[in-house]
Amino acid sequence: MAINLQKGQRETIDAPKFTIGLGWDTNSSSTGSAFDLDASIFILGDNKKILSEAHFIFYNNLKSPDGGVEHTGDNLTGDGDGDDEQIKIDLSKVDPRTTEICVVVTIHDAENRRQNFGQVRNSFIRIFDATTTANILKYELEEDFSIETAVEFGRIYKREDKWKFEAIGAGMKGGLADYLNKYN
């Protein structure tokens, strides 16, 4: 049985291999342009910075050098039910310097298309056991991000040799470049 988290809540992840599923629905009629939301992963060390350029996982770099984090590919439309994008995590392979894995979703070309997360509904992040496919936890974004074009859904972090997930739900007006600046 999955635990439904609220913003700021934390939960231990007791599965060495799990998948992060991200989903959303969009209202393309509001801008006339299709939405393309992109999930990105920032693998950070003690200094809260990306371990290397290769530890920034997104649609043009689908796998971390250690093989511990793998993005399954870009969904260009978000159509249909369930997960729109997935990231597979194998904690036994993750670089030992890793202390945090941040999950961010951005709207591709949001400024030119005049799009924001206020036009996105039913956004969620869930984590499920890769072996049993049982849901471990789920966090549904409930805020109305009317000007934000990027949202940090959550982070997986290591404390006292245990991995935990924290539901963040923090929006940012800006794009992927802003998160790269933050974590570089």
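In short, a report on the structure. Please read these numbers as outputs of a predicted model, since none were measured by experiment. Per chain, the residues get numbers from 1 upward, laid out in the order the sequence is written. Local features in a predicted model are, by the rule used here, given only for residues with pLDDT of at least 70; side-chain atom pairs are given and counted only at 80 or more, and totals for whole chains, interfaces and linings are based on all residues. Heavy atoms from the whole structure form the basis of all side-chain values; hydrogens and water molecules are not counted.

**A short note on the packing of aromatic side chains**
1) Next: Only centres within 6.5 Å qualify two rings of Phe, Tyr or Trp (six-membered ring in Trp) as a pair; their planes then separate them into stacked at under 30 degrees, edge-to-face at over 60, and tilted for everything else. Taken as a whole and assessed by the stated rule, the structure comprises 6 aromatic pairs.
2) Next: Consider the rings of Phe 42 and Phe 56, whose centres lie 4.9 Å apart with planes at 25 degrees: the pair is stacked. Taken together, the residues span a long stretch of sequence, with Phe 42 in strand E4 (residues 37–44) and Phe 56 in strand E5 (residues 56–57) at a distance of 14 residues. No difference in accessibility class separates Phe 42 from Phe 56, as the two residues are buried.
3) Next: Sitting above the plane of the Tyr 157 ring, Arg 155 keeps its charged end 4.2 Å from the centroid. Strands here mean DSSP runs of E at least two residues long; helices mean DSSP runs of H or I at least four residues long; both are numbered from the N terminus. For every residue, the accessible area obtained with a 1.4 Å probe (protein chains only) is divided by the maximum for its type, and the residue is called buried under 20%, exposed over 50%, and partly exposed between those limits. Put simply, a charge is over a ring when the Lys NZ or the Arg CZ is close to the ring centre, within 6 Å, and near the line of the ring normal, within 35 degrees.

**Some words on helix H2 (residues 176–183)**
1) Next: Burial in H2 covers these residues: Leu 176, Tyr 179 and Tyr 183. Buried residues of H2, viewed axially, fall in a sector of 60 degrees; they line one side.
2) Next: Note on definitions: a residue-residue contact is assigned when non-hydrogen atoms from the two residues lie within 4.5 Å. Those residues of H2 that are buried lie in contact with E4, E5, strand E8 (100–107), strand E11 (150–159) and strand E12 (162–172). Think of it as the arc spanned by the lines of direction from the helix axis to the C-beta atoms.

**Side note on the pairing of strand E9 (residues 120–129)**
1) Next: Of all the 10 residues making up E9, 8 are buried; the element is thus mostly covered by neighbouring parts of the structure.
2) Next: In the sheet, strand E3 (residues 17–26) pairs with E9 via 8 bridges, with the strands oriented antiparallel. Directly across from Phe 18, in E9, lies its bridge partner Asp 129.
3) Next: One requirement defines pairing of two strands: DSSP has to find at least two bridges between them. In the sheet, E9 pairs with strand E10 (residues 135–140) via 5 bridges, with the strands oriented antiparallel. By the bridge assignment for E10, Phe 128 is matched with Asn 135.
4) Next: Between E9 and E10, which pair antiparallel and follow one another directly, the connecting turn spans 5 residues, one of which, Thr 133, has a positive phi of 60 degrees.

**Observations concerning the sheet that holds E12**
Whether parallel or antiparallel, the strands of a sheet pair through hydrogen bonds between backbone atoms.
1) Next: Strand order in the open sheet formed by 6 strands is E2-E12-E11-E8-E4-E5, and the pairing between neighbours is antiparallel. Two strands close off the open sheet at either side, each with one partner strand: strand E2 (10–12) and E5.
2) Next: Where E4 lies against E8, 8 bridges are found, and the strand directions are antiparallel. Considered in E8, the bridge of Leu 44 is made with Glu 100.
3) Next: Sitting on the sheet, H2 is in contact with E4, E5, E8, E11 and E12, with an inclination near 5 degrees to E4. Axis definition: a line fitted to C-alpha atoms, limited for helices to the stretch in contact. Angles are taken between N-to-C directions and run from 0 to 180 degrees.

**Quick notes on unusual backbone geometry**
1) Next: The backbone of Arg 114 shows a phi angle near 55 degrees, a positive value even though the residue is not glycine.
2) Next: Inspection of the secondary structure assignment puts Arg 114 in the loop between helix H1 (110–113) and E9.
3) Next: Not every positive phi belongs to a glycine, and Thr 133 is a case in point at roughly 60 degrees.
4) Next: When its relative accessible area of 52% is taken as the criterion, Thr 133 is described as exposed.

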